[in-house]
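Residue strings, one per chain:
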Amino acid sequence: MNSAIIKGIGYYVPKNVVTNEDLSKIMDTSDEWITERTGIKERRWINNDESTSSMALEASKNAIQDADIEKSAIDFIIFATLSPDYYFPGPGVTLQKELGLDTIGALDVRNQCSGFVYALSIADQYIKTGMYQNILVVGSEYHSGGLDKTTKGRGVSVIFGDGAGAAIVSKSPSKERGILSTHLHAQGEHAEELTLIGPSTRRWVPQIIDGAGKDDDAIYPYMNGTFVFKHAVTRFPEVINEALKKNDLNAEDIDLLIPHQANLRISQFVQKKMGLTDSQVFNNIQKYGNTTAASIPIALAEAKQAGLVSQGDLICLAAFGSGFTWASALIRW
Ligand code: ACO
């Protein structure tokens, strides 16, 4: 059986930087509160001429360049997002069109913060079986347009940012290198602890318009912050340990853990619980906030650019988020 490597990785973030100071001008919040609770100093918000798929396109071009392949070599697209351009179709087809990749398959993944690791897991299976040779796996999120930017929404809106990351997943040139295993979990009983209810089939647009309209709380993301935090700090170590155990490895074998950038406090908690050193964990939430499905590929691309990811390294990706869903991937780079 083949094994799959991440042959190329790239990211794109909008130019528009929104600092905590900027937020404090539009809602009752402060740099001190946001930094202390989340570690976030700034995030990117797109301008109106950009979209989830346009950011994905830029990230994809960078990943293709990093992989040093022709875009025509891509034979499948997997696109993870919770903020698609349209209610339907999903943005995979838009990305396919924008890249000029005639009629190759495009799959959309709806697993929120775990979306990229779920998508990577799917790509891994296709490469293993030999069904595809080079799969473009993308995570892209445009959060800023849908946040409640008033004081009422501050508990959620200060956390999220826009951006995109992409990877080219290809057949490994050697048996020693590649994705060692992926581990996927979900617990639907907590679906409504971190959710955006409407518009959806549970609350169609006409119902929103006929009801409370713009004052309808269901049109903004809801997060039970403390509840999410408690589950995240349990599930992250659990799913990382599951991956280590499966491969007969230990925490000290990890060269770099790239956790989904949910909240710096969550990452620090996980680091401590796993007994990892500062140099074993990569964080960049300070600059981008939580970009959900995009956060891991953005972080991986930045870590690689910073020279923190080298051939032979053991890289661990781990995510937790809405669903609840959580997942990990262990990669021998
Ligand atoms: N600025 C100032 N004050 C605020 C803000 C803000 N942005 N947001 C909330 N507050 C206030 C609240 O109104 C509350 O005031 P009160 O005591 O007068 O009622 C007070 O601060 C404390 O609010 P809590 O919500 O209890 O604050 P908490 O300490 O729990 O921190 C936070 C909130 C940061 C969201 C925390 O719960 C957390 O980190 N949870 C994890 C959430 C997370 O990381 N989600 C993303 C992961 S999942 C995913 O990626 C989709």
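Residues numbered from 1 in each chain as written. Predicted model: local features only at pLDDT ≥ 70, side-chain atom pairs only at ≥ 80, totals over all residues. Heavy atoms only, no water.

> What exactly am I supposed to notice about the pattern of salt bridges here?
For side chains of opposite charge, pairing can occur when their charged atoms come near one another. Scanning the entire structure with this criterion turns up 12 salt bridges. Residues Lys-25 and Asp-22 are paired through a salt bridge, measuring 4.0 Å at the closest nitrogen-oxygen approach. (Salt bridge = Lys/Arg side-chain N within 4 Å of Asp/Glu carboxyl O.)

> What am I meant to see in a nonpolar patch on the surface here?
A contiguous nonpolar surface patch, about 430 Å² in accessible area, is contributed by Tyr-87, Phe-88 and Trp-204. Relative to the assigned elements, Phe-88 resides in the loop between β4 (76-80) and α4 (91-99). (Patch = residues over 30% accessible without salt bridge, like charges linked within 9 Å, V, L, I, M, F, W, Y side chains within 5 Å. Areas by Shrake-Rupley, 256 points an atom, 1.4 Å probe, with all protein chains shown as cover. Helix = DSSP H or I, 4+ residues; strand = E, 2+ residues; numbered from the N terminus.)

> Mind showing me how you'd approach the sheet that holds strand β13 (residues 325-332) here?
With mixed pairing, 4 strands are arranged side by side in an open sheet as β8-β13-β12-β11. Only two strands of the sheet have a single partner each, and these edge strands are β8 (178-186) and β11 (256-259). On average, each strand axis in the sheet is tilted by 10° relative to the strand beside it, whichever way the strands run. Its contacts with the sheet place helix α5 (residues 115-129) against β8, β12 (314-321) and β13, and it is angled at close to 130° to β8. (Pairing = 2+ DSSP bridges. Axes fitted to C-alpha atoms, helices over the stretch in contact; angles between N-to-C directions. Contact = heavy atoms within 4.5 Å.)

> For this particular structure, what's the right way to read helix α9 (residues 264-274)?
Since the α-helix turns once every 3.6 residues, residues separated by three or four places project in the same direction. For α9, the full list of buried residues reads Leu-264, Ile-266, Ser-267, Val-270, Gln-271 and Met-274. The buried residues of α9 occupy an angular sector of 160° when the element is viewed end-on, so they sit on one face. Positive backbone phi, at 70°, marks Gly-275, one or two positions downstream of α9. (Buried < 20%, exposed > 50% of the residue type's maximum accessible area, 1.4 Å probe, protein only. Arc of directions from axis to C-beta.)

> Where do I start with unusual backbone geometry in this structure?
Phi is mostly negative for residues that are not glycine, and the peptide bonds are mostly trans. Of note, the amide linkage connecting Phe-88 to Pro-89 takes the cis form, showing an omega dihedral of -5°. Here the residue pair Gly-198 and Pro-199 is connected by a cis peptide bond, since its omega of 0° sits within 30 degrees of zero. Mapped onto the elements, Pro-199 comes out in the loop between β9 (194-195) and α7 (205-210). Of note in the backbone geometry, Thr-103 takes a positive phi value of approximately 65° without being a glycine.

> It is not clear to me how the site of the ligand should be interpreted in this structure. Could you clarify?
Around the ligand, 21 residues are found, and the nearest of them are Thr-29, Cys-113, His-260, Asn-263 and Asn-290. Residue Arg-37 places a side-chain N or O atom 2.8 Å away from an oxygen atom belonging to the ligand. His-260 is positioned such that a nitrogen or oxygen atom in its side chain is 2.8 Å from an oxygen atom of the ligand. Contact with the protein chains removes 69% of the 1000 Å² of surface that the ligand exposes when unbound. At the level of secondary structure, the elements contributing two or more residues to the shell around the ligand comprise α2 (31-38), α6 (154-157) and α8 (225-246). Of all the elements, α8 adds the most residues to the shell around the ligand, at 4 residues. Each residue belonging to the shell around the ligand can be placed in one class, and the counts come to 10 nonpolar, 8 polar and 3 charged. Formed jointly, the shell around the ligand draws a minimum of three residues from each of two domains, domain 1 (4-171) and domain 2 (178-332). (Near = heavy atom within 4 Å. Polar contact = N/O pair within 3.5 Å; in protein donor to acceptor, adjacent residues only side chain to side chain. Nonpolar A, V, L, I, M, F, W, Y, C, P; charged D, E, K, R; others polar. Domains from an automatic or database assignment.)

> Would you mind going over the layout of surface pockets with me for this structure?
Gaps left between atoms are located by rolling a probe of water-molecule size over the structure's atoms. In this structure, the second largest pocket occupies an estimated 260 Å³ of space. Along the wall of the second largest pocket there are 16 residues; nearest its centre are Lys-152, Gly-153, Tyr-220, Pro-221 and Tyr-222. Only α6 and β10 (222-223) provide two or more residues apiece to the lining of the second largest pocket. If one sorts the elements of the lining of the second largest pocket by residue count, α6 sits on top with 4 residues. (1 Å grid on protein atoms, 1.4 Å probe; cavity = no way out; pocket = protein on both sides within 12 Å on 5 of 7 lines; lining within 4 Å. Points joined across faces, edges and corners; volume = space filled by probe spheres on them.)

> For this particular structure, what's the right way to read the domain arrangement of the chain?
Frequently, the measure chosen for interface size is the accessible area removed from exposure when the parts meet. Each domain of the chain was delimited in the assignment, giving domain 1 (4-171) and domain 2 (178-332). Taking only C-alpha atoms into account, the centre of domain 1 sits 13 Å from that of domain 2. By the criterion of area lost to domain 2, the three top residues of domain 1 are Tyr-11, Cys-113 and Val-117, representing 17% of everything that side buries. In this assembly, domain 1 and domain 2 are joined by 2 salt bridges. Seen at the junction of domain 1 and domain 2, the total is 21 residue pairs in polar contact (both at pLDDT 80 or more). Contributions of two or more residues to the side of domain 1 that touches domain 2 are made by β1 (4-12), α2, β3 (42-44), α5, β6 (134-141), α6 and β7 (163-171). No other element matches the 7 residues that α5 contributes to the side of domain 1 that touches domain 2. (Buried area = accessible area lost by both parts, 1.4 Å probe.)

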